[in-house]
Amino acid sequence: MATRRGNLTLLGFVLAALVGVALLAVPQSPLHRDIKLGLDLQGGVELVLRAVPPKNEDITDENMDLAIEVIRNRVDALGVAEPEIRQQGRDQISIQLPGVDDPEKASELIGKTAQLGLYDVNENTLDPTRDENGFPIPSANKFQLLKELQPRTKRGEIPEYYLVDPKAKKVISGPEATQERIRQAYRTRTGKAVPKNFRIWGIPEKTIILTCGIGERYCPGVQQAPPQQDYFYLFRHDPLNQEDPVPEMTGRDLKLDGTRQDFSQTQGPIVLMEFTDDGGEKFHDVTRDIAQRGQLLSGQVGKDRALQGFAIVLDREIKSAPTIDWDTNPDGIAGGSAEITGIGDVGEAQDLALVLRSGALPYEFEQVDFTRVSATLGKESLDQAIKASLIGLAVVALFLLLVYRFLGVVAILGLALNAVFLYAVMVLFEVTLTLPGFAGMILAIGVAADANIVIFERIKEEAAARKSVRAAIATGYRKGFATIVDANVVTAITALILFAVATGGVRGFAFMLLLGTVISIFTAVFATRAFLGLIGGFRWFDNPRFMGAEHQKMARWQMFDAVGKRRIWFTIAGVLIAASIGSLIFKGLNLGIDFRGGTEMEFASQQAVDPADVTAKMSELGEPDAIVQGRGEEASGGGFNEFTIRTEPLEPGGVLEISGAVTEEFDATQQGVRNVSASFSEQILRGAIYAILISFVLITIYISLRFEWRFAVPILRTIVNDGLIAIGIYSFAGKEVSAATVAAFLTIIGYSIYDTIIIFDRVRENLPIMRRSSIKTIINTSLWETVRRSLATTIITLLPVGALYLFGGEVLQDFAFAILVGISISAFSTIFIAAPFLAVLLERAPEYRSRKDLDEPVARPADREPEPEPEPEPVPVGAVDGGDGGGDGEVAAPVPAPAIPPAGSDASKRERRRQRRRARPHGRAR
């Protein structure tokens, strides 16, 4: 063991760390900090926006950083406390806004592109929306305008596309940069493919269609003011032209701190714009050209008709189109400022000023995911998660106490340290705790407890080999360390991959699992070892029974021939896999909105509501395919107090319409909304597939490096076996598959390997020790030497996850169900699939093919009569051929066997047993 000074130093460091954590936790402390809760635990809104770059333009890190800064400025102006804004993947930005009162308004303002342009109207208006003198003649029919443009789209590069229905003479959607994006947008909105009778039309090269109409005070070329319908203009659009760009000015020419909302007695609410130095010069040049051109034209058409102006365009909409009077401003407008008029009300003017003042986003952004959680639902989820965590800790602690006694007390101290340090890291690094993150924490309890079990079971073996408790502890920690590292590296690989490719709450789960795994190695291996090393000098400590490490007799069932009956196990596995594949083919998977897209709204009502009534209401609202499900327990008179509505992906306006109608009709309160576009769901599915494949490849590489390939193949085969059966159970049960389910399946992979590594480590150790035994005997012996440990790690993981399933609420229950299924399957696969399959491969290896059973198993088979002479205390299975109980990381040298009577005689068998026992040290080392 480590020196006493080393143990004291380490424990001193732990005590100092505990004091620091206490200062963080005590509310009266100046260093006090609270854990940052995610939206699902405190309520709020989360948006995921995806950048849509212009055609032939790539997304750059610089522009994404700029977009995040612009969005942050807008969020700060909204007054949201502690928002979280981060880039997600290459082209997405996730925005979390806790405690937002008006989520729809916040969503609109944050994602508004605010592409501001100042166009010279008469110079840039194009046929067929202008007359011979360059004055605009807008089209009142967008479909008709696009139809007239089609002959001109046969040449050049098409900048934008629109989806139209020629039969109904209607524009369905657009503009989009590519035809594929048009099709994708239609699928997102309707959940269906573009009908064959629809057409995708483009517009001529270097042009843009602008809109002006209802809501504006004036539109160029329209006599009626304010306009009573929308009008459409074809404008020249060439922003990349270095010498003559169109629009002539953009939002980059604005001085953001000088742009503000104001009020005019004649114009009503207005927005004042102040230009930069360069922008002021541009504005002066543009207005000078407009004034001089109008003065020249006035001699032909008269002054009233010759007045020309510029259009202030925001996101393709003409917000204002002031004219320039050359008598008043013969040299244009200098001074570096202008104003936008024709704004509906003060609130709209404030929002417009906010968007302009915070800057223009470098790309257009589309909303691909929207989640809203009420504060009530968040608090309920938090209470359920805390309850599940405390119960999980309690049952794990009770199990450790009953099985390992004083060692169990040490393990509980290690778990407590694990929880304390986990809290400290979360607070210091401002880690946001989410509901899936709670699941990761609870699972981390099992990870930390598993590490203790691996060591404690090894200590028990060493104590049973007549070593002193101090020596058993030293050897247990030394030999168990390699197994702990192997198992935790595999868990860390799956967590890292999840964190890299997942989105939203699944990232929180992965991060908490990874954090808990790393901390558990310190607490389970170093901190508890230092504590045991410090008290190891006390006399009362040297008591195997007190430690729960006394000699244990081998149960009769432990000599069961698992390898010999491998055809039975392989047949059972094959039947289960075939049934799973059949269920997948004929029944399929119940994919949640994470993978198929859609809108999910949760409601709660004081009075029980019949789902059939809600379904009828949804049909009235134009959603006959909506799925309505009751949640929780059914009321005594029928109906549910909580229910969920699922539809195809809806626009924000559609969500508002349905939510308002349902809350009014059934006196219900909306608890939460989740809106996932079809394109985003495809990305989530793609990420899940990548996560599984990448994890499989990395685990394969690691296992192949740690073991020879014959050991790696059964481990990988077990992963496939467990995964297929788990998916089959989900298909057969009709359970919903979400992104959290994929995270659970990846966790299952890690735990499936965990137990298998424990057994294979012992096989690898016994191969050089049991030189005269067959592969079948070696693997059976190794299996039953470690089966207690494997079952204990399985149980210790099932206990907290079971608490999660029973007390963690609906979201955590779905997650826990996948883990319970996976761990149960992996326990069977490890013992009855992986180990026998390894036997098949090793028996065919040239170096092991000639091995015969010259050694007997240490314990007598169950069907054999006892020997007539008295037997000394049975020796554990690990003590074979001079071994010291085996080890999970160290191989003992075999003891040469002296001459024995002829093989096969009873005397030879008894003599071999006596010789093996003589080779083992007896008594207790002091």
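Relevant structure appears above.
Note that the structure is predicted; figures quoted are calculated from it, not measured.

A.B. asks: Sorry, what's going on with the overall build of the protein here?
C.D. replies: Summing up its helical and strand segments, the protein has 25 helices and 25 strands in all. Taking contacts inside the protein between residues at least 6 apart in sequence as the whole, the part at least 24 apart equals 76%. For the protein, the exposed area adds up to about 41100 Å²; of that, 56% sits on carbon and sulfur atoms.

A.B. asks: Got a minute to help me understand the pairing of strand β21 (residues 598-609) in this structure?
C.D. replies: Both faces of the sheet carry side chains from a regular strand, because those side chains alternate between them. In terms of residue burial, β21 counts as a mostly covered element, since nine of its twelve residues are buried. Of the pairings in the sheet, the one linking β21 to strand β24 (residues 668-676) comprises eight bridges and is antiparallel in character. Bridge assignment links F603 to a residue of β24, and that residue is Q670. Two elements, β21 and strand β23 (residues 640-647), share seven bridges in a ladder whose sense is antiparallel. Among the inter-strand pairings, A604 is bridged to a residue of β23, identified as E642.

A.B. asks: It is not clear to me how the nonpolar core should be interpreted in this structure. Could you clarify?
C.D. replies: Nonpolar side chains in soluble globular proteins generally cluster together in the buried interior. Grouped together as the largest cluster of nonpolar side chains are 100 residues, with contacts concentrated most on I703 and I779. Here this core takes 17 residues from helix α24 (residues 809-843), the largest share from any one element.

A.B. asks: So what exactly am I meant to see when it comes to the environment of T434 here?
C.D. replies: Looking at where T434 falls in the secondary structure, it is placed in the loop between β19 (432-433) and α12 (435-464). Linking T434 and L37, residues 397 residues apart in sequence, is a C-alpha distance of 6.3 Å.

A.B. asks: What should I look at first to understand the sheet that holds strand β18 (residues 364-373) in this one?
C.D. replies: The strands that make up a sheet are held in pairs by hydrogen bonds between backbone atoms, and each pair lies either parallel or antiparallel. Read from one edge to the other, the open sheet built from eight strands follows the order β3-β4-β2-β18-β24-β21-β23-β22, with strand pairing classed as antiparallel. If you trace the sheet from one side to the other, it starts and ends with β3 (84-88) and β22 (627-631), each paired once. Put simply, the sheet's adjacent strands are angled 20 degrees from each other on average, direction ignored. Two strands pair when backbone bridges link them, and β18 and β24 are joined in this way by five bridges, in the antiparallel orientation. Along β24, the bridge assignment pairs V373 with G672. With respect to the sheet, helix α11 (residues 375-428) is in contact with β18, β21, β23 and β24, its orientation differing from that of β18 by roughly 65 degrees.

A.B. asks: Sorry, what's going on with the environment of G221 here?
C.D. replies: In this structure, G221 sits in the loop between β9 (207-212) and β10 (231-236). G221 sits in the partly exposed class, given a relative accessible area of 37%. Separated by 92 residues in sequence, G221 and T129 place their C-alpha atoms 9.5 Å apart. Excluding anything up to four places from it in sequence, G221 contacts P136 and P138.

A.B. asks: Quick question: what am I supposed to make of the sheet that holds strand β8 (residues 199-202) here?
C.D. replies: An order of β7-β6-β8 is seen for the three strands of this open sheet, with the pairing classed as antiparallel. Strands with a single pairing partner mark the edges of an open sheet, and in this sheet they are β7 (170-176) and β8. Sheet twist, expressed as the mean angle between neighbouring strand axes with direction ignored, is 25 degrees. The pairing of strand β6 (residues 161-165) with β8 spans four bridges and is antiparallel. Its bridge partner being in β8, V164 is matched across the sheet by R199. Sheet strands in contact with helix α6 (residues 142-149) are β6, β7 and β8, and its direction is about 115 degrees off that of β6.

A.B. asks: Help me understand the state of the cysteines, please; the structure alone is not making it clear to me.
C.D. replies: Taken as a whole and assessed by the stated rule, the structure comprises one disulfide. The residue that forms a disulfide with C212 is C219, at a sulfur-sulfur distance of 2.1 Å. On the sign convention where negative means left-handed, the S-S torsion of about -85 degrees between C212 and C219 marks this disulfide as left-handed. With a relative accessible area of 0%, C219 lands in the buried category.

A.B. asks: Sorry, what's going on with the pattern of salt bridges here?
C.D. replies: Tallied over the entire structure, the rule returns 16 salt bridges. Residues E665 and K617 are paired through a salt bridge, measuring 3.8 Å at the closest nitrogen-oxygen approach. Here the residue E665 occupies a position in helix α19 (residues 652-666), and K617 occupies one in helix α18 (residues 611-620), the gap between them amounting to 48 residues. For E665, a relative accessible area of 48% puts it in the partly exposed group. Each of the salt bridges in this network shares a partner with another, and the network as a whole consists of D120, E123 and R293.

A.B. asks: Please clarify how helix α1 (residues 4-25) should be interpreted in this entry.
C.D. replies: Because an α-helix packs 3.6 residues into every turn, residues spaced three or four apart end up facing the same way. Between its terminal C-alpha atoms α1 stretches 31 Å, which fits the 32 Å expected from 22 residues at 1.5 Å a residue. When α1 is considered as a whole, its buried residues turn out to be N7, L11, V14, V21 and L24. Projection of α1 onto a plane perpendicular to its axis shows the buried side chains occupying an angular sector of 120 degrees, all on one side. For α1, exposure combined with an orientation more than 90 degrees from the buried face picks out R5, T9, F13, L15 and V19.

A.B. asks: Explain unusual backbone geometry to me, please; I cannot follow it from the model alone.
C.D. replies: What you tend to see is this: most non-glycine residues have negative phi, and most peptide bonds are trans. In this chain, D127 is followed by P128 through a cis amide linkage whose omega measures 10 degrees. Along the chain, P128 falls in the loop between α5 (121-124) and α6. Cis geometry is adopted by the peptide bond preceding P247, which originates at V246 and carries an omega value of 5 degrees. Residue position: P247 is located in the loop between β10 and β11 (249-250). The backbone of K206 shows a phi angle near 55 degrees, a positive value even though the residue is not glycine. Among the structural elements, K206 can be located in the loop between β8 and β9. At D667, a residue that is not glycine, the phi angle is positive and equals roughly 50 degrees. Checked against the element boundaries, D667 lands in the loop between α19 and β24.

Calculation criteria
Residues numbered from 1 in each chain as written. Predicted model: local features only at pLDDT ≥ 70, side-chain atom pairs only at ≥ 80, totals over all residues. Heavy atoms only, no water. Helix = DSSP H or I, 4+ residues; strand = E, 2+ residues; numbered from the N terminus. Contact = heavy atoms within 4.5 Å. Areas by Shrake-Rupley, 256 points an atom, 1.4 Å probe, with all protein chains shown as cover. Buried < 20%, exposed > 50% of the residue type's maximum accessible area, 1.4 Å probe, protein only. Pairing = 2+ DSSP bridges. Core = buried A, V, L, I, M, F, W, Y, C linked by side-chain atoms within 4.5 Å. Axes fitted to C-alpha atoms, helices over the stretch in contact; angles between N-to-C directions. Disulfide = S-S within 2.5 Å. Salt bridge = Lys/Arg side-chain N within 4 Å of Asp/Glu carboxyl O. Expected span 1.5 Å × (residues − 1). Arc of directions from axis to C-beta.

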